[in-house]
Amino acid sequence: MTAPLPEDAAAVTVAARTAAVTALGVDGVHHLGGLTERAADQVRSRLGRSGSALGVRVDDSDGTLDVSVAVVVSYPHPVMEVAAEVRTKVRAALVQLAELPDHVEVGVRVLDVHGPFDDEPQALDEAVESARGAASDAADDVRRAAETVRADTHEDAAPADTTTARP
């Protein structure tokens, strides 16, 4: 979310990014989106196709801006209070953006609570490290194979040069 939005970004994309930044600014929000969303976003990010707003879904059908924000709350913050504050602040930010106070609906889903019991490496972190290791191993294998092909090609080319030489 640190990459600037393009000048021609759709209103829905701007709304999603605004909702995400606003929600992340609420005290007690650990992060947005679930494990699957975060993993998919990391993959898109590595491919240069980062999602506009992880954990936020925006629908602008029927003249109403429907926004759904998925959050993970930090322990020991009161879950219901954090959800209510996210809803209030995101709605206020989007009303300023859209200037249509009666046409902005915000829903908040609390996916999990993150606390001191979560200090061990998460499955996502382990999966990312495993993928990095596999990618590094694959790159090494490709390098070795390319070197072997290059060496074999060079060895095969050398005898051919001597047989075509004229006395």
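Just so we're clear, the structure is a prediction, and the values are computed from it rather than from any experiment.

About the criteria used
Residues numbered from 1 in each chain as written. Predicted model: local features only at pLDDT ≥ 70, side-chain atom pairs only at ≥ 80, totals over all residues. Heavy atoms only, no water. Helix = DSSP H or I, 4+ residues; strand = E, 2+ residues; numbered from the N terminus. Buried < 20%, exposed > 50% of the residue type's maximum accessible area, 1.4 Å probe, protein only. Contact = heavy atoms within 4.5 Å. Expected span 1.5 Å × (residues − 1). Core = buried A, V, L, I, M, F, W, Y, C linked by side-chain atoms within 4.5 Å. Salt bridge = Lys/Arg side-chain N within 4 Å of Asp/Glu carboxyl O. Patch = residues over 30% accessible without salt bridge, like charges linked within 9 Å, V, L, I, M, F, W, Y side chains within 5 Å. Areas by Shrake-Rupley, 256 points an atom, 1.4 Å probe, with all protein chains shown as cover. Lys, Arg positive; Asp, Glu negative; His and termini not counted. Charge placed at Lys NZ, Arg CZ, Asp CG, Glu CD. pLDDT = per-residue confidence, 0-100. Pairing = 2+ DSSP bridges. Axes fitted to C-alpha atoms, helices over the stretch in contact; angles between N-to-C directions. Left-handed = near helix turned anticlockwise from the far one by under 90°. Nonpolar A, V, L, I, M, F, W, Y, C, P; charged D, E, K, R; others polar.

Undergrad: Break down the overall build of the protein for me, with residues and values.
TA: Within the protein one finds 4 helices and 4 strands. Ordering the α and β elements of the protein from the N terminus gives α-β-α-β-β-α-β-α. Counting every position in the protein, which comprises 167 residues, the buried fraction comes to 27%. Considering only residue pairs separated by 6 or more positions, the protein has 66% of its internal contacts joining residues 24 or more positions apart.

Undergrad: Hey, could you go over helix α1 (residues 11-24) for me, with residue numbers and the actual values?
TA: With 14 residues, α1 extends 20 Å between its outermost C-alpha atoms, agreeing within 8% with the 20 Å of an ideal straight helix rising 1.5 Å per residue. For α1, the set of buried residues is Ala15, Ala16, Arg17, Ala19, Ala20, Thr22 and Ala23. Against β1 (29-32), β2 (56-59), β3 (65-74) and α3 (79-98) lie the buried residues of α1.

Undergrad: Now, about the nonpolar core: what can you tell me, with residues and values included?
TA: Counting 25 residues, the largest nonpolar core has Leu32, Val56, Val67, Val69, Val86, Val90 and Leu94 as the members making the most contacts within it. Of all the elements in the fold, those that place two or more residues in this core are α1, β1, β2, β3, α3 and β4 (104-114). The element contributing the most residues to this core is α3, with 6 residues. Once residues within four sequence positions are removed from consideration, Val69 is found in contact with Ala23, Leu32, Gly55, Val56, Val86, Val90, Gly107, Val108 and Arg109.

Undergrad: Give me the pattern of salt bridges: which residues, what numbers.
TA: Under the defined criterion, the tally for this structure stands at 1 salt bridge. A salt bridge links Lys89 to Glu85; its shortest N-O distance comes to 3.1 Å. Within this pair, Lys89 and its partner Glu85 are both found in helix α3, separated by 4 residues, close to a single helical turn.

Undergrad: Break down a negative patch on the surface for me, citing the residues and quoting the values.
TA: Taken together, the side chains of Asp59, Asp60, Asp62, Asp66 and Glu105 make up a negatively charged region of the molecular surface. On the secondary structure map, Glu105 appears in strand β4.

Undergrad: Run through α3, naming residues and quoting values.
TA: Quick reminder: α-helices carry 3.6 residues per turn. Residues three or four places apart thus point the same way. Helix length check: α3, at 20 residues, gives a terminal C-alpha distance of 28 Å against a target of 28 Å (1.5 Å per residue), a fit within 8%. Within α3, burial applies to Val82, Ala83, Val86, Val90, Ala93, Leu94 and Val95. In the core, the buried residues of α3 are packed alongside α1, β1, β3 and β4.

Undergrad: Give me the lowdown on the confidence of the model for the protein, citing residues and values where you can.
TA: In the predicted model, the protein carries a mean pLDDT of 78, and the fraction of residues at 70 or more is 68%. Confidence, expressed as mean pLDDT per element, reaches its minimum in the protein at helix α2 (residues 35-46) with 61 and its maximum at α3 with 93.

Undergrad: Explain the pairing of β2 residue by residue, including any values.
TA: Taking every second residue as pointing to the same face, the buried face of β2 carries Val56 and Val58, while none of Arg57 and Asp59 on the other face is buried. Where β2 lies against β3, 4 bridges are found, and the strand directions are antiparallel. The residue of β3 that forms the bridge with Arg57 is Ser68. Counting the residues that bridge the hairpin from β2 to β3 gives 5 residues, and of these Asp62 lies at a positive phi of roughly 60°.

Undergrad: Please set out the side chain of Ser74 residue by residue, giving values where relevant.
TA: Mapping Ser74 onto the fold places it in strand β3. Ignoring anything within four residues of it in the chain, the contact list for Ser74 reads Gly28, Val29, His30 and His114.

Undergrad: Mind laying out the environment of Leu94, listing which residues take part and the relevant values?
TA: Tracing the backbone through its elements, the reader meets Leu94 in helix α3. Between the alpha carbons of Leu94 and Val14 there is a distance of 9.6 Å; along the sequence they are 80 residues apart.

Undergrad: Give a description of the packing of α1 against α3 that names residues and reports values.
TA: Put simply, α1 and α3 touch, their axes get as near as 9 Å, and they point 145° apart. By crossing handedness, the relation of α1 to α3 is classed as right-handed. Contacts between α1 and α3 involve Val14, Ala15, Thr18, Ala19, Thr22 and Ala23 on the former and, on the latter, Val86, Lys89, Val90, Ala93, Leu94 and Leu97. Along the lines of polarity and charge, the residues of the contact of α1 with α3 split into 9 nonpolar, 2 polar and 1 charged.

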